[in-house]
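For reference, the chains in residue letters:
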Amino acid sequence: MKLAVTEDRLSRHSAESLSFMDTEDMLRLKVKLLTAGARLPEGVSSGRRGGAGPVRGRYFVLPSGRSCGIPIRRGAEAERFGSAPLEPTEDPTIWLYDSSVELRMIEKPDFLGLTTEDGLPYSQIALLHCTDCLATTVYQSCRYWDEGTQCAFCTIPTSLEGGDTILDKSPSHIAEVVDSAEKRGIIRHVLLTTGTPEGEDMGTTRMVNIIREIRKSSEIPIGVQFEAPHDISLIDEVVQAGASAIGIHIESADEAVREKMCPGKHQHASRDLYIRAWKHAVGLLGRGNVSTFLLHGLGEDTQLTMNFIDEIAEIGVMPILAPVRPAPGSHLANYIPSYVGDLDGSLRTYKNLGNALYKWGLNPDSSVAGCQSCGGCTPIHEAYDWAASL
Ligand code: SF4
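Rules behind the numbers
Residues numbered from 1 in each chain as written. Predicted model: local features only at pLDDT ≥ 70, side-chain atom pairs only at ≥ 80, totals over all residues. Helix = DSSP H or I, 4+ residues; strand = E, 2+ residues; numbered from the N terminus. Rg over C-alpha atoms; globule rule 2.2 N^0.38 Å. Buried ≥ 20, exposed ≤ 12 C-beta atoms within 10 Å, placed from the backbone. Contact = placed C-beta atoms within 7 Å. Axes fitted to C-alpha atoms, helices over the stretch in contact; angles between N-to-C directions. Parallel < 35°, antiparallel > 145°, perpendicular 65-115°, else oblique. Left-handed = near helix turned anticlockwise from the far one by under 90°. Pairing = 2+ DSSP bridges. Near = placed C-beta within 6 Å. Nonpolar A, V, L, I, M, F, W, Y, C, P; charged D, E, K, R; others polar. Core = buried A, V, L, I, M, F, W, Y, C linked by C-beta atoms within 7 Å. pLDDT = per-residue confidence, 0-100.

### Here we look at the overall build of the protein chain
The secondary structure content of the protein chain amounts to 15 helices and 13 strands. A compact globule built from 390 residues should have a C-alpha radius of gyration of about 21 Å, and the protein chain, at 19 Å, falls within 12% of that. Counting only C-alpha atoms, the protein chain reaches 50 × 50 × 45 Å along its principal axes. Scored against the burial criterion, the 390 residues of the protein chain give a buried share of 53%. Counting contacts in the protein chain only where the partners sit at least 6 residues apart, residues at least 24 apart contribute 76% of the total.

Printed below as a string of C-alpha cells:
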C-alpha cells in the first residue's frame with residue numbers, strides 16, 4: 001500500500017509542476033499563501049468557522065498539483081496580513097491569485113450532502129480536507145476548555161456551538177461515511193483527531209473503537225492524532241487496531257512559548273514524554289509516519305526550533321511546521337503572528353526545515369496518512385522538494 005500511494009502521488013505532482021515553476025517559486029508561493037492568506041470577494045464563503053486545526057480557509061490546487069488550505073482574510077485583517085486578492089475568472093473553478101497565479105478551487109463534494117442510514121448529515125460527521133483526505137474530530141470538546149487552560153489558538157467548541165457538527169461521533173457513523181466516500185473514489189486516506197477528554201487514555205480508547213469499526217470493511221490508510229499518554233502502551237493498542245500514522249503534537253519547540261500558548265497541554269506532558277511517545281510510535285509504524293505539529297509565528301526562538309527539528313527528524317518524526325492561523329473564538333483572535341511582513345524570513349525558516357527533512361530522509365510524500373501526507377496547511381512538501389532539487 002505504501003509504495004503504491006507514494007508512486008501515484010509523485011507521478012501526479014511532478015509532471016505538471018516542474019515545467020511551470022521551479023521548486024523555489026513553489027515554496028515561496030505556498031509560504032506566502034499560508035502566511036499572508038488571500039482575500040475573496042464578499043459573498044464567497046471563507047470556509048469552516050471553527051473546529052480542530054486551522055479554520056477559515058478554502059482549499060485550492062496550486063500550479064504544482066499540490067493543495068493548499070489558504071487562510072481567507074477580509075477588511076482590516078487582510079490589510080494587516082497583506083493578503084492579496086483571489087479573483088474569479090471566466091472558468092468558475094479557476095481563481096487568479098495576486099493577478100498572476102491561477103489556482104483551482106476545491107469545492108465541497110456532493111457526497112457530504114448525504115445522510116447516514118439513521119438521518120444524520122454526513123457533513124456533521126466528517127469533512128474533506130484538500131482533495132482526498134476525509135477528516136473528522138471524533139470528540140468535539142476538550143478538558144482544557146473546561147479548565148480554562150486551552151491552547152490559545154484553539155477553536156474546537158465553535159463548530160459545535162454553531163451546529164456544524166456533533167459532540168461525540170460514533171464508530172458506526174464514521175465507518176459509514178468512510179465507506180461511502182471510499183466507494184465513490186473520493187478519498188485516499190482518513191484523519192481522526194480529537195479534543196482531549198477526561199481520563200488517562202487521552203482519547204485513545206475512542207480511537208481504537210473507531211479504527212476497529214473502519215477496519216471491518218476497509219484497508220484505507222488512517223492517520224490518528226491524540227495527546228501523549230503517560231502510559232505509552234496505549235499507543236500499541238491504536239496501532240494494533242489498524243492505525244497507519246500517528247500525530248502527537250507538541251505545538252512548539254520553544255518551552256516558553258509552549259507554556260504560554262498551551263498551558264493545559266504543557267502541564268500534562270513534558271518534552272521528554274513526547275520524545276518517548278514519538279520514539280515508541282516510530283518503532284511501531286516506521287520513520288515518517290509519526291508526526292508533530294510545530295506552529296510558526298508564535299514568537300518562538302527560530303534557532304531553538306531548528307535544532308529541535310533536526311533532533312526529532314533524526315529519530316524519524318515528521319516535523320509539521322505550519323503557520324499559526326489566528327481565528328475568532330480563540331485567545332489569538334486579534335493576534336499578529338511574528339511572520340507577518342517577513343516573507344523572506346519565513347522562506348529561510350522553511351528552507352532550513354527542507355534541509356533537515358532531506359538530510360534525514362523524511363519525504364512527506366512517503367507518509368501513508370495524516371496531516372504530513374495531505375500537506376494543505378503546511379509547506380513541508382514544498383520545502384522537501386526544494387531541498388531535494390539542490
Ligand atoms: S488540546 Fe489544545 S488544541 Fe487540542 S482541542 Fe484541546 S485546547 Fe484545543
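Past the structure itself, the notes keep going.
### Concerning the packing of helix H2 (residues 23-36) against helix H13 (residues 343-359)
Two quantities define a packed helix pair, namely the angle between the helix axes and the distance between the axes. Where H2 meets H13, the axes come as close as 10 Å, and the angle between the chain directions of the two elements is 120 degrees. If you check the angle between H2 and H13, you find them oblique. H2 and H13 meet at a crossing whose hand is right-handed. In this structure, H2 uses Leu27, Arg28, Val31, Lys32 and Thr35 to contact H13, whose residues at the interface are Leu343, Ser346, Leu347 and Tyr350.

### Considerations on the sheet that holds strand E12 (residues 290-296)
To summarise the sheet geometry, strands pair through backbone hydrogen bonds and adopt either a parallel or an antiparallel arrangement. As summarised here, the arrangement of the seven strands in space is E7-E8-E9-E10-E11-E12-E13, forming an open sheet in which the pairing is mixed. In the strand order of this sheet, the two ends are held by strand E7 (127-129) and strand E13 (317-323), each with one partner. Each strand of the sheet is rotated relative to its neighbour by a mean of 25 degrees, with strand direction disregarded. With three bridges joining them, strand E10 (residues 222-225) and strand E11 (residues 245-247) adopt parallel strand pairing.

### Some remarks on the site of the ligand
Contacts to the ligand come from Cys142, Tyr144, Trp145, Gln150, Cys151, Cys154, Ile156, Gly195, Thr196 and Lys265. In the shell around the ligand, the residues fall into six nonpolar, three polar and one charged.

### A word on the nonpolar core
Grouped together as the largest cluster of nonpolar side chains are 104 residues, with contacts concentrated most on Val190 and Ile246. When sequence neighbours within four positions are dropped, the list of residues in contact with isoleucine 246 reads Val224, Ile235, Val238, Ala281, Leu285 and Val290.

### Details of the packing of H13 against helix H15 (residues 380-388)
Across the interface, H13 lies against H15 with an axial gap of 7 Å and an inter-helix angle of 70 degrees. When the interaxial angle is binned, H13 and H15 end up roughly perpendicular. For the pair H13 and H15, contact is made by Tyr350, Lys351, Leu353, Gly354, Asn355, Leu357 and Tyr358 and by Ile380, Ala383, Tyr384, Trp386, Ala387 and Ala388, respectively. Taken together, the residues of the contact of H13 with H15 break down into 10 nonpolar, two polar and one charged.

### Focus: the pairing of strand E6 (residues 101-105)
Bridge count for strand E2 (residues 57-61) against E6 is two bridges, and the pairing is antiparallel. Directly across from valine 61, in E6, lies its bridge partner arginine 104. As paired elements, strand E5 (residues 94-97) and E6 share four bridges and run antiparallel to each other. Looking across to E6, one finds that tryptophan 95 is bridged to leucine 103. Here E5 hands over to E6 after three residues, with aspartate 98 in that stretch at a positive phi of 55 degrees.

### Details of the pairing of strand E4 (residues 84-88)
Relative to E4, strand E1 (residues 38-39) runs parallel, the two sharing two bridges. Note on E4: the bridge partner recorded for alanine 38 is alanine 84. Pairing of E4 with E5, which is carried by three bridges, proceeds in the antiparallel orientation. Across the sheet, the residue bridging to proline 88 is tryptophan 95, located in E5. Hairpin connection between E4 and E5: a loop of five residues separates the two successive antiparallel strands.

### Describing the confidence of the model for the protein chain
Here the protein chain averages 92 in pLDDT, while 93% of its residues score no lower than 70. Low confidence marks residues 1-19, where pLDDT is under 50. Its contacts with residues over four positions away, or in another chain, come to 20 contacts.

### A short note on the sheet that holds E2
Taken together, the six strands give an open sheet; going across it, the order is E1-E4-E5-E6-E2-E3, and neighbouring strands pair in mixed fashion. The open sheet has two edge strands with one neighbour each: E1 and strand E3 (67-71). Packing against the sheet, H2 makes contact with E1, E3, E4 and E6, and its axis sits at approximately 30 degrees to E3.

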